[in-house]
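# Structural overview
Below, each chain spelled out in residue letters.
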Amino acid sequence: MNIHEYQAKAVLKSYGMPVLAGQVVQSPDEARDAVRALGGKLCVVKAQIHAGGRGKGHFLDHPDLGGVKLVHSPDEAKAVAYDMLDRVLVTKQTGPKGRVVHKLYVEAGCDIERELYFSLLVDRTLRRIVIVASDAGGTSIEDMAAKTPEKIHKVSVDPALGLADHQARELATRIGLHGPLINGFAKVARSAYEAFVALDASLVETNPLVVTKQGDLVALDAKMAFDDNGLFRHRELLELRDESEEDPREREAERFGLSYVGLDGTIGCMVNGAGLAMATMDIIREEGENPANFLDVGGGASKEKVAAAFRILLADPHIEGILVNIFGGIMRCDLIAGAVIDACQKTGCRVPLVIRLAGTRVKEGMALIEKSGLDAIVATDLGDAARKIVAAVRARRAA
Ligand code: ADP
Ligand code: MG
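Quick look at the structure, then. In this text the structure is predicted, and so the values were computed from the model without any measurement. (Residues numbered from 1 in each chain as written. Chains lettered and ligands numbered in written order. Predicted model: local features only at pLDDT ≥ 70, side-chain atom pairs only at ≥ 80, totals over all residues. Heavy atoms only, no water.)

Moving on to the coordination of the magnesium ion (ligand 2). Summarising the metal site, the magnesium ion (ligand 2) is bound by the protein donors Asn207 (O) and Asp221 (OD), whose distances to it range over 2.2 Å. Of the two residues, Asn207 sits in strand β11 (residues 201-212) while Asp221 sits in the loop between β12 (217-219) and β13 (223-226), which places them 14 residues apart along the sequence. (Donors = N, O, S within 2.8 Å, 3.2 Å for Na, K, Ca; no water. Helix = DSSP H or I, 4+ residues; strand = E, 2+ residues; numbered from the N terminus.)

Okay, here's the thing in structure tokens:
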């Protein structure tokens, strides 16, 4: 689960991270009042979407306006808020379609001396939390890794010992901090590490963490993501969830206990088991088309689950064909066949459908499909299934 910048700042602040004063607003008048409340001086209006690169982004109907704008007066804030709210912001991370901005964060302005990069994440190879820092703040870590990997510094934390102060201070010197800033950085690292562990986070990123002209460290941007598997331990975090930022298909799938990830291709996949689902996606690509999704119906797919899976697949306007690929181990092929027939008869399948079943009670499953008169193409193995769905989709496109 991801949260907004203003929420991440509030969470991190409660663990001791230095942040500037700010207010979240949802109307131009509120934006004006927020600047007044912050002292009427230099402020920054920041679009709140679950994507970075806002500063360098642009609004679809205002190509000159980015998602982070300095304002000098309450009235200017009102005008800027008017141009941002309910408009589409396009950034490197949103893709060309962009995201609609529903909330703004009005924050005190900052005199920036230096911009640093600072983040915490889980290194799966080391099986540890890693702290990453760089003096090349403001740039995305992906660009940094590609262009100037030598500027990225890391330390990993032993989970039994926790973050030692000397580790943080050493990292501070490696990114060129001196004097009191070294202890300041250690404090920032400690607060971020404590928040990360206590809340089962998967990412804390402040880019930039800045050194101000007054010589203080401040987190000027903040991003936090949480491990969904840990959320049951943190009910309070669920209130930070913003469903308007999530893929509606993924939300619907979650309600039915399906593992679903929406993708950009045209062939919908309904598979049991994550490994088989991955293999199915790969082989569709091998045949020259792209999967529209990853979908694992799980081990004990019920009629309701299969029906929900079909609804989700068919709700995607880009879908041009569906491939059902089930390996019956514990799952019985005849049950799945019955559920697929049922779902197709109820929902109506407007695209070509290829079914490949293997394993327990496969003969009975196949017999059911034949008897039902379902307009489906039957495949014998995975390769055959991929070839058949790709051929069917292409034939339909040509027609
Ligand atoms: P994004 O990463 O989405 O572009 P940031 O929050 O990092 O958004 O803001 C982009 C840039 O805007 C920062 O690198 C910083 O230079 C500037 N900025 C952000 N917040 C402030 C602020 N409160 N005061 C002054 N400058 C800011
Ligand atoms: Mg940033």
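What follows deals with the nonpolar core. Counting 44 residues, the largest nonpolar core has Phe118, Leu120, Ile131, Leu177, Phe185, Met224 and Phe226 as its most contacted members. Of all the elements, helix α6 (residues 180-198) adds the most residues to this core, at ten residues. Those residues in contact with Phe118 that lie beyond four places of it in its chain are Met17, Ile131, Val132, Ala133, Phe185, Val188, Ala189, Ala192, Val204, Glu205, Thr206 and Leu209. Among the nonpolar cores identified, the runner-up in size contains 35 residues, and Val297, Ile322, Ala337 and Leu374 belong to it. (Core = buried A, V, L, I, M, F, W, Y, C linked by side-chain atoms within 4.5 Å. Buried < 20%, exposed > 50% of the residue type's maximum accessible area, 1.4 Å probe, protein only. Contact = heavy atoms within 4.5 Å.)

Looking now at the environment of Gln345. As for its placement among the helices and strands, Gln345 is situated in helix α11 (residues 333-347). Gln345 sits in the exposed class, given a relative accessible area of 53%. Residues Gln345 and Leu374, spaced 29 residues apart in sequence, show a C-alpha to C-alpha distance of 8.2 Å.

This brings us to the sheet that holds strand β6 (residues 99-100). Across the sheet, three strands lie side by side as β3-β5-β6; this open sheet has antiparallel pairing. The outermost strands of the open sheet, each flanked by one partner alone, are β3 (58-59) and β6. One ladder, built from two bridges, connects strand β5 (residues 88-90) with β6; its direction is antiparallel. Each residue of the ladder has a partner; that of Leu89, found in β6, is Arg99. (Pairing = 2+ DSSP bridges.)

Attention now goes to the site of ligand 1. Around ligand 1 sit 18 residues, and of these Lys46, Arg54, Gly55, Glu107 and Glu115 come closest. Here an oxygen atom of ligand 1 and a side-chain polar atom of Lys46 are 2.6 Å apart. At a separation of 2.8 Å, a nitrogen atom of ligand 1 approaches a polar side-chain atom of Glu107. Taken by itself ligand 1 offers 540 Å² of open surface, and the protein chains cover 83% of this. Broken down by secondary-structure element, the contributors of at least two residues to the shell around ligand 1 are β2 (43-48), β7 (103-108), β8 (112-123) and β11. Looking at which domains feed residues into the shell around ligand 1, each of domain 1 (21-108) and domain 2 (112-238) supplies at least three. (Near = heavy atom within 4 Å. Polar contact = N/O pair within 3.5 Å; in protein donor to acceptor, adjacent residues only side chain to side chain. Areas by Shrake-Rupley, 256 points an atom, 1.4 Å probe, with all protein chains shown as cover. Domains from an automatic or database assignment.)

Helix-helix packing: each pair is described by the crossing angle between the helix axes and the interaxial distance. Axis separation between α11 and helix α12 (residues 362-372) bottoms out at 7 Å; the angle between their running directions is 25°. Put simply, α11 runs roughly parallel to α12. α12 is crossed by α11, and the crossing has right-handed handedness. When α11 is examined against α12, the residues Cys333, Asp334, Ala337, Gly338, Ile341 and Gln345 are found in contact with a partner set consisting of Val362, Glu364, Gly365, Leu368, Ile369 and Ser372. Partitioned by chemical class, the residues of the contact of α11 with α12 number six nonpolar, four polar and two charged. (Axes fitted to C-alpha atoms, helices over the stretch in contact; angles between N-to-C directions. Parallel < 35°, antiparallel > 145°, perpendicular 65-115°, else oblique. Left-handed = near helix turned anticlockwise from the far one by under 90°. Nonpolar A, V, L, I, M, F, W, Y, C, P; charged D, E, K, R; others polar.)

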